[in-house]
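Structural characterization, general
Take a look at the letters that make up each chain.
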Amino acid sequence: MHVQKKALAVHDISCIGRCSLTVALPIMSAAGIETSVLPTAMLSTHTGGFEGYTFADFTNELDPITAHWKTLGRKFECIYSGYLGSERQIDIVEGLFNDFAGENCVKLVDPVMADNGKFYSIFDENFAKRMAKLCSKADIIIPNITEACFLLGEEYKEGPYSESYINNLLEMLLSLGVKGVVLTGVYYDDYNLGAASVVAGEKPNYYFRKKIDGYYHGTGDVFGSALGSALLNGFDLADSARIAVDYTCNCIERTNREQTDIKYGVNFENEIPGLLKLLKII
Ligand code: PXL
């Protein structure tokens, strides 16, 4: 009998702009995972590239919701957190790890807070310190290079990077106390871009695809959702990182061909059949 895996995705809802929950829910559901959601906030759009967006903070809703869930006895095989709007919400995710992690649960934390050497609008060093503590409670963390530096209190450096610089970052991230790290936005030259992954006690793996210029919004969430889907479908961390890089790049390449406004995110929808092939579901 097929036993369907259950995941909980903890992100905001950005109503327009294809990121966070509007990406995580469809991707993980399509991958056969029963995906529940805990929305941390609702914004009219995401915060990158739009003026005048609204932000309704759901922090006060979260405890009553999880109190109800406790009466149901639900447990999850993956708890995947992304964009969190405040330090209080980080505390709540730690509580979820304690209360809702089933056996062999993958606690997957994307420390969404920065890119290209800069914090996103509402985040700062204090948030990064608190996020580093949450990461230490996770199994797998998936920072980009900027987030990795900010988590570690290291100065951000622009690439291209050397393999030894990347390996050093991976080691420092592992020493936060996690089982595995996938570092995104890795490049050794101007032509290829990808991810480096490492499991504690093992050698790192790297996977690259041809770089496409431009800042495609929400791709970190496309990547994280595909990675979580691959892990729950039984792939190891290196294969899951490869699948997530391939799917994300396929979405970017398609969006680039279609010439849509990239602040609305990537066309991940039409690439879902391709993801299911990568996952060997079809
Ligand atoms: O994709 C990350 C993300 C999620 N949610 C919101 C964001 C961002 C990145 O900027 O603004 C609201």
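For the structure given in this document, a descriptive report is provided here.

**Considerations on the overall build of the chain**
- Each helix and strand counted, the chain has nine helices and 11 strands in total.
- Relative to the globule expectation of 19 Å for 282 residues, the C-alpha radius of gyration of the chain, 17 Å, shows essentially globular dimensions.
- In terms of overall dimensions, the chain has a C-alpha envelope of 55 × 45 × 45 Å along the principal axes.
- Looking at the chain residue by residue over its 282 residues, the buried ones come to 51%.
- Sequence-distant contacts, at least 24 apart, represent 69% of the contacts inside the chain between residues at least 6 apart.
- Working note: accessible area of the chain is about 12600 Å², and carbon and sulfur atoms make up 50% of it.
- Charged side chains in the chain number 25 positive and 36 negative. The centres of these two groups are separated by 5 Å.

**Describing the packing of aromatic side chains**
- Under the criterion given, the structure shown has 11 aromatic pairs.
- For the pair W69 and F100, a centre-to-centre distance of 5.9 Å together with 90 degrees between the ring planes defines the contact as edge-to-face. With W69 in helix α2 (residues 59-72) and F100 in helix α3 (residues 87-100), this pair connects stretches of sequence that are 31 residues apart.
- When the ring of Y161 is compared with that of Y187, the centres are 5.4 Å apart and the planes differ by 75 degrees; the resulting orientation is edge-to-face.

**Observations regarding the nonpolar core**
- Counting 48 residues, the largest nonpolar core has M113, M131, I166 and L183 as its most contacted members.
- A31, I33, V266 and L275 belong to the second largest nonpolar core, which has 41 residues in total.

**Regarding the pattern of salt bridges**
- Tallied over the entire structure, the rule returns 14 salt bridges.
- Salt bridges here are not isolated pairs; linked through shared partners, they connect D91, E94, R130 and K137.

**Observations regarding the pairing of strand β10 (residues 192-199)**
- Pairing geometry for strand β9 (residues 180-186) and β10, over six bridges, is antiparallel. Of the residues in β10, the one forming a bridge with T184 is A195.
- Where β9 hands over to β10, the hairpin turn is made up of five residues, counted between the paired strands.
- Relative to strand β11 (residues 205-210), β10 is paired through six bridges, and the arrangement is antiparallel. When the sheet's bridge partners are listed, A195 is paired in β11 with Y207.
- Here β10 folds back onto β11, and the loop between the two strands holds five residues, one of which, G201, carries a positive phi near 85 degrees.

**Let's talk about the packing of α3 against helix α4 (residues 125-136)**
- At a closest axis distance of 10 Å, the pairing of α3 and α4 adopts a crossing angle of 0 degrees. Compared by their axis directions, α3 and α4 come out roughly parallel. Here E87, I90, D91, V93, E94 and F97 of α3 come into contact with α4, specifically with N126, F127, R130, M131, K133 and L134.
- Broken down by class, the residue content of the contact of α3 with α4 amounts to six nonpolar, one polar and five charged.

**Focus: the site of the ligand**
- Taken together, D12, S14, C19, S20, L43, H46, T47, Y83, V112, Y120, H217 and D221 make up the full set of residues near the ligand.
- Between an oxygen atom of the ligand and a side-chain N or O atom of H217, the distance comes to 3.3 Å.
- The fraction of the free accessible surface of the ligand (310 Å²) that becomes covered by protein chains is 96%.
- Here the shell around the ligand is composed, by residue class, of five nonpolar, five polar and two charged.

Cut-off values and rules
- Residues numbered from 1 in each chain as written.
- Predicted model: local features only at pLDDT ≥ 70, side-chain atom pairs only at ≥ 80, totals over all residues.
- Heavy atoms only, no water.
- Helix = DSSP H or I, 4+ residues; strand = E, 2+ residues; numbered from the N terminus.
- Rg over C-alpha atoms; globule rule 2.2 N^0.38 Å.
- Buried < 20%, exposed > 50% of the residue type's maximum accessible area, 1.4 Å probe, protein only.
- Contact = heavy atoms within 4.5 Å.
- Areas by Shrake-Rupley, 256 points an atom, 1.4 Å probe, with all protein chains shown as cover.
- Lys, Arg positive; Asp, Glu negative; His and termini not counted.
- Charge placed at Lys NZ, Arg CZ, Asp CG, Glu CD.
- Phe/Tyr/Trp six-rings, centres within 6.5 Å; stacked < 30°, edge-to-face > 60°.
- Core = buried A, V, L, I, M, F, W, Y, C linked by side-chain atoms within 4.5 Å.
- Salt bridge = Lys/Arg side-chain N within 4 Å of Asp/Glu carboxyl O.
- Pairing = 2+ DSSP bridges.
- Axes fitted to C-alpha atoms, helices over the stretch in contact; angles between N-to-C directions.
- Parallel < 35°, antiparallel > 145°, perpendicular 65-115°, else oblique.
- Nonpolar A, V, L, I, M, F, W, Y, C, P; charged D, E, K, R; others polar.
- Near = heavy atom within 4 Å.
- Polar contact = N/O pair within 3.5 Å; in protein donor to acceptor, adjacent residues only side chain to side chain.

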